[in-house]
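In case you want the letters, here they are:
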Amino acid sequence: LQSRLMPRVHNYIIMSLPYFASGTVVRGFGRGSKQLGIPTANYPESVVDQLPSKFECGVYYGCARVDNGPVHKMVMSVGWNPQYKNEKKSMETHILHEFKEDFYGANLQVCVVGYIRPEKTFDSLDGLISEIKNDIATAEKLLDNEKFMQYSEHLLQNVYKNDDFQ
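Our subject in this report is the structure included herewith.

Enumeration over the complete set of coordinates arrives at six salt bridges. Glu140 is the partner of Lys73 in a salt bridge, and the nearest nitrogen-oxygen pair spans 2.7 Å. Here Glu140 lies in helix α3 (residues 125-143) and Lys73 lies in strand β4 (residues 71-79), a separation of 67 residues in the sequence. Lys73 gets classed as buried once you look at its relative accessible area, which sits at 16%.

This is the structure:
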């Protein structure tokens, strides 16, 4: 996995992580659940605009919490979604947990702890879906390390104890 990263990108990413974000879940483009079968929770532009200027676009993994609920594994796409030629940068989080209903308006807190790959364009929608499923499997495998997940949960819970952060 690490060999896929160019040294310059790899070094900056390591220095940038963990990265924390918190914000209200808003409606996205409507593609995650409907077109891809992979629901995502989207941050408003104000949260996306807070990303460091050198934060690389791509697919990341870590953990997430909705409101004050339990911490779950997650995978997040950060960038322009070149497959769809987006005009606005986005942060789309797929939480590795099945929720019974949508949670628009809820507070989503994430701790990004690792990088999977850069964003790219695919030859087909099926190619995109296949790669997203690979990203999910990669994140699941990397986060299956019990100590790693405990570390992620600890970071997320302690950073957000301070109400001033949100």
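Once that is clear, we can look at the sheet that holds strand β6 (residues 107-117). Pairing in this open sheet of six strands is antiparallel, and the strands run β1-β6-β3-β4-β5-β2 from one edge to the other. Pairing within the sheet leaves two strands with one partner each, and these edge strands are β1 (19-24) and β2 (41-42). In this sheet, β4 lies alongside strand β3 (residues 58-66) in antiparallel orientation, the contact comprising eight bridges. By the bridge assignment for β4, Tyr61 is matched with Val75. Relative to the sheet, α3 contacts β3, β4, β5 (90-95) and β6, its axis offset from that of β4 by approximately 135°.

The phi angle at Asp67 is positive, at roughly 50°, despite the residue not being glycine. Look at Asp67 and you get partly exposed, because its relative accessible area is 40%.

Position of Arg65 relative to the elements: it lies in strand β3. Here Arg65 falls in the buried class, since its relative accessible area comes to 10%. For the pair formed by Arg65 and Gln109, sequence separation is 44 residues and the distance between their alpha carbons is 5.2 Å. Side-chain polar atoms of Arg65 contact the side chain of Gln109, separated by 2.7 Å.

Once that is clear, we can look at the environment of Val59. The topology assignment puts Val59 in strand β3. Judged by relative accessible area, Val59 falls into the buried class, the value being 5%. Taking C-alpha positions, Val59 is 9.8 Å from Thr93, a pair spaced 34 residues apart along the chain. Residues in contact with Val59, not counting those within four places in the same chain, are Val75, Met76, Tyr115, Ile116, Arg117 and Asp135.

Reading guide: rules and limits
Residues numbered from 1 in each chain as written. Predicted model: local features only at pLDDT ≥ 70, side-chain atom pairs only at ≥ 80, totals over all residues. Heavy atoms only, no water. Salt bridge = Lys/Arg side-chain N within 4 Å of Asp/Glu carboxyl O. Helix = DSSP H or I, 4+ residues; strand = E, 2+ residues; numbered from the N terminus. Buried < 20%, exposed > 50% of the residue type's maximum accessible area, 1.4 Å probe, protein only. Pairing = 2+ DSSP bridges. Contact = heavy atoms within 4.5 Å. Axes fitted to C-alpha atoms, helices over the stretch in contact; angles between N-to-C directions. Polar contact = N/O pair within 3.5 Å; in protein donor to acceptor, adjacent residues only side chain to side chain.

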